[in-house]
Amino acid sequence: WRGHHKWQAMYTWALLPLLPINWHFMEFFDLVNMVHMGRPISKMASSSATIALCLRVCFFIRFYAIPLYYYPSLFTVFYQFIVLCAGGMYLGVNFVISHNFEGVKTVLSSPDRSQHKKRDWAFEQVETSSTVGGRVLGFFHGGLNYQIEHHLFPRISHVHYHKLQPVVRQWCSEHGLAYAYFPTLTENIAATYRHLNTLGQPDSKVKAG
């Protein structure tokens, strides 16, 4: 714990627009160094990493280089920044509220991964995610609001998530799992704010799964 964590419930939202900087550049160097979140990537994934690097370079050329080549101006840089901030804010809010809210459990109870007790994969997906809103919000969010269903069935089109939700909720009830659901974005964001505020206290304890 550090002093600035006390205010994370407020400054987290202001930092979300900067997420694309991490996605575009930090992840590029992670691919070069074959690491992910500080952990080494298996050499068996070398070919996939090479393809990802090539595609990332193509993206840099398309998003950054070409516009600046044809319109070499600070306005171009400014508009690129605005686009990145808008995308970062939109996706960042969705990701943060989906996995940080009152009652959420953590997969790791200790920074030492060797102490982690493995549980059923599906249980962990449910207990570390939440769903907000319904079918209308799902239409505009591409199904990201159905985060629990998205984690359990990533290969199923999001247009079917609203059909899966009652099945998943019943399954959770039968297995004694808490299904985190928020009727509105406002309620979900408020729960996230309270959770971040709690985590920001020096004596906070997060319930592990």
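Look up a bit, the structure's there.
What comes next concerns the included structure. Computed from a prediction, not measured in an experiment: that's the story for all the values here.

## Topic: the nonpolar core
Here is step 1: With nine residues, the main nonpolar core is built from Ala122, Phe123, Val126, Ile148, Leu152, Val168, Cys172, Leu177 and Tyr179.
Here is step 2: Those elements that provide at least two residues to this core are α5 (121-127), α7 (147-152) and α8 (161-174).
Here is step 3: In terms of residue count, the dominant contributor to this core is α5 (three residues).
Here is step 4: Ignoring sequence-local partners within four residues, the contact set of valine 126 consists of Ile148, Leu152, Trp171, Cys172, Leu177 and Ala178.

## Concerning the packing of aromatic side chains
Here is step 1: Under the counting rule described, the total for this entry stands at 16 aromatic pairs.
Here is step 2: The interplanar angle of 70 degrees and the centroid separation of 6.5 Å between the aromatic rings of tryptophan 23 and phenylalanine 95 together place this pair among those described as edge-to-face. With tryptophan 23 in helix α2 (residues 19-33) and phenylalanine 95 in helix α4 (residues 74-99), the pair connects residues that are 72 residues apart, well separated along the chain.
Here is step 3: Pairing phenylalanine 59 with phenylalanine 63 gives two aromatic rings, centres 5.4 Å apart and planes at 15 degrees, and the pair type is stacked. Here the residue phenylalanine 59 and the residue phenylalanine 63 both occupy positions in helix α3 (residues 46-70), the gap between them amounting to four residues, near one helical turn.
Here is step 4: Three or more aromatic residues joined by ring pairs make a cluster, and in this case those are Phe25, Phe28, Phe29, Phe59, Phe60, Phe63 and Tyr64.

## Some details on α2
Here is step 1: Under the 1.5 Å per step criterion, the end-to-end length of α2 is 20 Å for 15 residues, consistent within 8% with the ideal 21 Å.
Here is step 2: The principal kink in α2, of about 30 degrees, is found at methionine 26.
Here is step 3: Considered for burial, the residues of α2 that qualify are Pro20, His24, Phe28 and Leu31.

## A look at the side chain of glutamine 125
Here is step 1: Mapped onto the elements of the fold, glutamine 125 is located in helix α5.
Here is step 2: Residue classification places glutamine 125 among the buried residues on the basis of a relative accessible area of 13%.
Here is step 3: Setting aside anything within four residues of it in sequence, one finds glutamine 125 in contact with His151 and Leu152.

## Quick word on a nonpolar patch on the surface
Here is step 1: Taken together, Leu15, Leu18, Ile21, Phe25, Phe29, Phe75, Phe78, Tyr79, Phe81 and Ile82 make up a surface patch of nonpolar side chains, about 1,000 Å² in accessible area.
Here is step 2: Put simply, the parts of the chain that give the nonpolar patch at least two residues each are α2 and α4.
Here is step 3: Per-element tally for the nonpolar patch: the top contributor is α4, with five residues.
Here is step 4: Relative to the assigned elements, isoleucine 21 resides in helix α2.

Conventions and cut-offs
Residues numbered from 1 in each chain as written. Predicted model: local features only at pLDDT ≥ 70, side-chain atom pairs only at ≥ 80, totals over all residues. Heavy atoms only, no water. Core = buried A, V, L, I, M, F, W, Y, C linked by side-chain atoms within 4.5 Å. Buried < 20%, exposed > 50% of the residue type's maximum accessible area, 1.4 Å probe, protein only. Helix = DSSP H or I, 4+ residues; strand = E, 2+ residues; numbered from the N terminus. Contact = heavy atoms within 4.5 Å. Phe/Tyr/Trp six-rings, centres within 6.5 Å; stacked < 30°, edge-to-face > 60°. Expected span 1.5 Å × (residues − 1). Bend = angle between axes of the 7 residues up to and from the residue. Patch = residues over 30% accessible without salt bridge, like charges linked within 9 Å, V, L, I, M, F, W, Y side chains within 5 Å. Areas by Shrake-Rupley, 256 points an atom, 1.4 Å probe, with all protein chains shown as cover. Salt bridge = Lys/Arg side-chain N within 4 Å of Asp/Glu carboxyl O.

Function cannot be inferred from these measures alone, as they are strictly geometric.
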